[in-house]
Amino acid sequence: MAEVGRAGIRDPGAVLPRGFWAAVEVWLERPQVANKRLCGARLEARWSAALPCAEARGPGTSAGSEQKERGPVPGQGSPGGGTGPRLRSEPKQGMACCELEEAQGQCQQEEAQREAASAALRDSGHPGHAEGDEGDFPAADLDSLWDDFSRSLARGNSEMLAFLTCSGAGSQPEAQRELDVVLRTVIPKTSPHCPLTAPRREIVVQDVLNGTVTFLPLEEDDEGKLKVKMSNVYQIQLSHSKEEWFISVLIFCPERWHSDGIVYPKPTWLGEELLAKLAKWSVENKKSDFKSTLSLVSIMKYSKAYQELKEKYKEMVKVWPEVTDPEKFVYEDVAIAAYLLILWEEERAERGLTARQSFVDLGCGNGLLVHILNSEGHPGRGIDVRRRKIWDMYGPQTQLEEDAITPNDKTLFPDVDWLIGNHSDELTPWIPVIAARSSYNCRFFVLPCCFFDFIGKYSRRQSKKTQYREYLDFIKEVGFTCGFHVDEDCLRIPSTKRVCLIGKSRTYPPSREASVDEKRTQYIKSRRGCPVSPPGRELCPSPLRVAAGSAGHCDGHQALGARVGCVAGARAAECGAGPQAEGAWLPGFHPREKAERVRNCAALPRGFIDQVVLQVANVLLGGKRLNTGSSRTGSLKTWNRGVVNGRVHIRDWREEMLWETKQPEAKQRVLSEACKTRLCWFFTHHPDGCALSADCCPFAHGPAELRPSRTTPRKKIP
């Protein structure tokens, strides 16, 4: 046994040991937040068991056969949920009163420790994730696995028994007690550069009273049965001394540790990186406001789909014609597409469907998400108020339309399966409404970003929540009011706004459509203080069904060629012709302008901008005259940065180490193409010239160094 790391923790908020168990649960359920080479983990089963006591048990006796709880983990179970492990031992008859009181006091203390740990795991904000039928492990196999391991401990593996119980070498555990045992599958990221892609199973043994968590890897024997490996076993331990807490990481047998750099990192990583994360999480004492990442889909399926799509569409980064960051937008849309593909695949399996779901992406922006979904076999189209340059690069199979969407009776999609709102801005709160009124079978997926109400910007109403959390709750409220069961999930995308809301099913039968739509109308009007209908006069519901009450499945293929106004006549049939029949659902809504207004100084005259820059630089340099022609290069040690009150100065690019910082491939290409295409401002105007030499400066030191800018020709995307 070797200790590879130890960290002292101050606990001013008195959150330990509760915070420790919350940190352990994060590492159990979301190891990818610490180990970036992992995709995630799946908790397959959780049960209570006991370790053997070598002196009291013979070699043929099983110590762990008494099982309290087993099965897929729905975020419950001990200590993750429920009451935690319970001691089953009773005080012996004839015990002295003082001994009985002492034993009862010790039991109460142990129960308090267990309850603290249990509460920590229940309130940690990281519920256990169950993957449905995928990866289910038979209960009989779990019995056999634990029984075999217990027998090996009882028959002479005293070193491992001592490691698990934190007892000294050669000593025996004090008393048999129950442990919380978790069967976990660790899922590495799938990558063409990583040969190890198979998930690895392990048993995690949590001893609440001792404050230890031991990770036991599993392997298959010659007969294909799982057994515990004696290598790559490590333990996380919480201890207390005087007024300080300590977290330690120990390895059972260092000489048997074999690192693969992914599931089993080097011991130094465990003792430094992981230990630092655990110490930080243990005292944060904050509850997450959001669900676990990818809680609604299979992590394994998602990881595989994401890597395949990333490899397939990586060339997009090289030909991206927009001014936005190509890596962020390309890989974000790839991740969203992978999520939707898995979500829809599992939906087809649940509903027994074979046809791929159709969709409409409202506010599709660059259209890449539509392009990927179309290319992967899903019929659909995207609509946006403004055409993008990259649209011309997609092939004819990608259907994109330039049009403004105003929520009214003409913007319904009765034969489309899914409406998508990916950063759809002012349309975000309307998408559940449009989906609900399009057809009973229409579902929605929204990824909120900017905060919009039905009309204008969203105004905060609660100070106890973050604005983001409050806005998500508002969109969920809209979805529920529209009659949807709304699910929430966190996507794995490079964005701070990564929570999606999904409406897959309704809370009411088709026969109640009219009454539910009346509530929708009242709710929408209440958001702007619009008066409801006077007594005795019912609100006129929207054309919710092309065929009222129809609950049959629409395959969506034939609807894609039709324009969005195909159900305008239904409203007239229900309520009679009139100005309201084809009007907006809430007067005052305005879609985005087709021409994007410039809101910064980019549109100002170049001469005016240059004049302002020279005036600011003159103030910074203390009135020292600036050069108006070519400049000499001054001494590196005396280069004048200029100072105003010791706070504001001109950046010295020598300290930025511009060329020593590793940039992403796409940014390196842009820098290379832009190099020496513009004159260096410092060389031209600064009294001391440019602080960088001509070889290091990306700008031209004089007209002789200028070279024409190169524009990459646009390619058609296959």
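About the cut-offs
- Residues numbered from 1 in each chain as written.
- Predicted model: local features only at pLDDT ≥ 70, side-chain atom pairs only at ≥ 80, totals over all residues.
- Heavy atoms only, no water.
- UniProt positions renumbered as here; feature names shortened; annotations may be inferred.
- Pairing = 2+ DSSP bridges.
- Helix = DSSP H or I, 4+ residues; strand = E, 2+ residues; numbered from the N terminus.
- Axes fitted to C-alpha atoms, helices over the stretch in contact; angles between N-to-C directions.
- Contact = heavy atoms within 4.5 Å.
- 1 Å grid on protein atoms, 1.4 Å probe; cavity = no way out; pocket = protein on both sides within 12 Å on 5 of 7 lines; lining within 4 Å.
- Points joined across faces, edges and corners; volume = space filled by probe spheres on them.
- Nonpolar A, V, L, I, M, F, W, Y, C, P; charged D, E, K, R; others polar.
- Salt bridge = Lys/Arg side-chain N within 4 Å of Asp/Glu carboxyl O.
- Buried < 20%, exposed > 50% of the residue type's maximum accessible area, 1.4 Å probe, protein only.
- Phe/Tyr/Trp six-rings, centres within 6.5 Å; stacked < 30°, edge-to-face > 60°.
- Polar contact = N/O pair within 3.5 Å; in protein donor to acceptor, adjacent residues only side chain to side chain.

Under an unreviewed UniProt entry, the name given to the chain is tRNA (uracil-O(2)-)-methyltransferase, and the source organism is Mandrillus leucophaeus. Turning to the chain, the UniProt annotation filed under Catalytic activity (unreviewed entry) states: "uridine(44) in tRNA(Ser) + S-adenosyl-L-methionine = 2'-O-methyluridine(44) in tRNA(Ser) + S-adenosyl-L-homocysteine + H(+)". Annotation of the chain in UniProt includes, under Subcellular location (unreviewed entry), the sentence "Cytoplasm".

A. Quick peek at the sheet that holds strand β13 (residues 443-447). With mixed pairing, 7 strands are arranged side by side in an open sheet as β11-β10-β9-β12-β13-β15-β14. Because the sheet does not close on itself, it has two edges, and the strands there are β11 (399-402) and β14 (484-490). Ignoring which end each strand starts from, the neighbouring axes of this sheet average 20 degrees apart. In the sheet, strand β12 (residues 418-422) pairs with β13 via 5 bridges, with the strands oriented parallel. Each bridged residue has a counterpart across the sheet, and for W418 the counterpart in β13 is R443. Against the sheet, helix α8 (residues 368-375) contacts β9 (359-362), β10 (380-384), β11 and β12, and its axis sits at roughly 170 degrees relative to β9.

B. Empty space enclosed by the protein, seen in detail. Following the criterion strictly, the structure yields 6 cavities of 30 Å³ or more and no others. Empty space within the largest cavity amounts to approximately 110 Å³. W27, R184, Y234, V263 and P265 are, among the 14 residues lining the largest cavity, the residues nearest its centre. Of all elements in the fold, only β3 (178-188) and α5 (267-284) reach the threshold of two or more residues within the lining of the largest cavity. Tallied by class, the residues present in the lining of the largest cavity amount to 11 nonpolar, 1 polar and 2 charged.

C. Seen up close, the UniProt feature "zinc finger region: C3H1-type" (unreviewed entry) in the chain. As recorded in UniProt, the feature "zinc finger region: C3H1-type" (unreviewed entry) lies at residues 674-704. Taken as a whole, residues 674-704 contains 19% helix and 0% strand, while its terminal C-alpha atoms sit 16 Å from one another.

D. A look at the pattern of salt bridges. Tallying each qualifying case throughout the model produces 29 salt bridges. Here E3 and R6 are joined by a salt bridge, their closest N and O atoms 3.7 Å apart. Put simply, E202 and R184 hold a salt bridge, and the shortest N to O gap is 2.4 Å. With E202 in strand β4 (residues 200-207) and R184 in strand β3, this residue pair connects regions lying 18 residues apart in the sequence. The residues E202 and R184 share a single accessibility class, namely buried. Linked through salt bridges whose partners overlap, the residues forming this network are K465, R469, D473, K476 and E488.

E. Region of interest: the packing of aromatic side chains. Summed over all chains, the structure comprises 25 aromatic pairs. Judged by centre distance (4.5 Å) and plane angle (5 degrees), the rings of F215 and Y234 are stacked. Taken together, the residues span a long stretch of sequence, with F215 in strand β5 (residues 212-220) and Y234 in strand β7 (residues 234-241) at a distance of 19 residues. Take F215: its relative accessible area is 0%, and that puts it in the buried class. According to the relative accessible area criterion, Y234 is buried, its value standing at 5%. Between Y440 and Y508 the ring centres are 5.6 Å apart and the planes differ by 85 degrees, which places this aromatic pair in the edge-to-face class. Placement of Y440 in the loop between α9 (431-438) and β13 and of Y508 in the loop between β15 (499-506) and α11 (513-526) is noted, with a sequence separation of 68 residues between them. Neither Y440 nor Y508 differs from the other in exposure class; each is buried.

F. Main features of unusual backbone geometry. Along the chain, L16 connects to P17 via a cis peptide bond; the corresponding omega equals 5 degrees. With respect to the helices, strands and loops of the structure, P17 is situated in the loop between β1 (2-9) and α1 (18-29). The backbone phi angle of K676 is positive, close to 65 degrees, even though this residue is not glycine. Here K676 shows up in the loop between α14 (665-674) and α15 (681-685). Exposure remark for K676: the relative accessible area of 13% places this residue in the buried category.

G. Fine view of the side chain of D409. Examined against the element boundaries, D409 turns out to sit in the loop between β11 and β12. Since its relative accessible area comes to 0%, D409 is described here as buried. Among the polar contacts made by the side chain of D409, one reaches the side chain of W585 at a distance of 2.7 Å.

H. Summary view of the packing of helix α10 (residues 467-481) against α11. Here α10 crosses α11 at 145 degrees, and the two axes come no closer than 9 Å. For the pair α10 and α11, contact is made by F474, E477, V478 and T481 and by V516, K519, R520 and Y523, respectively. Here the contact of α10 with α11 is built from residues that sort into 4 nonpolar, 1 polar and 3 charged.

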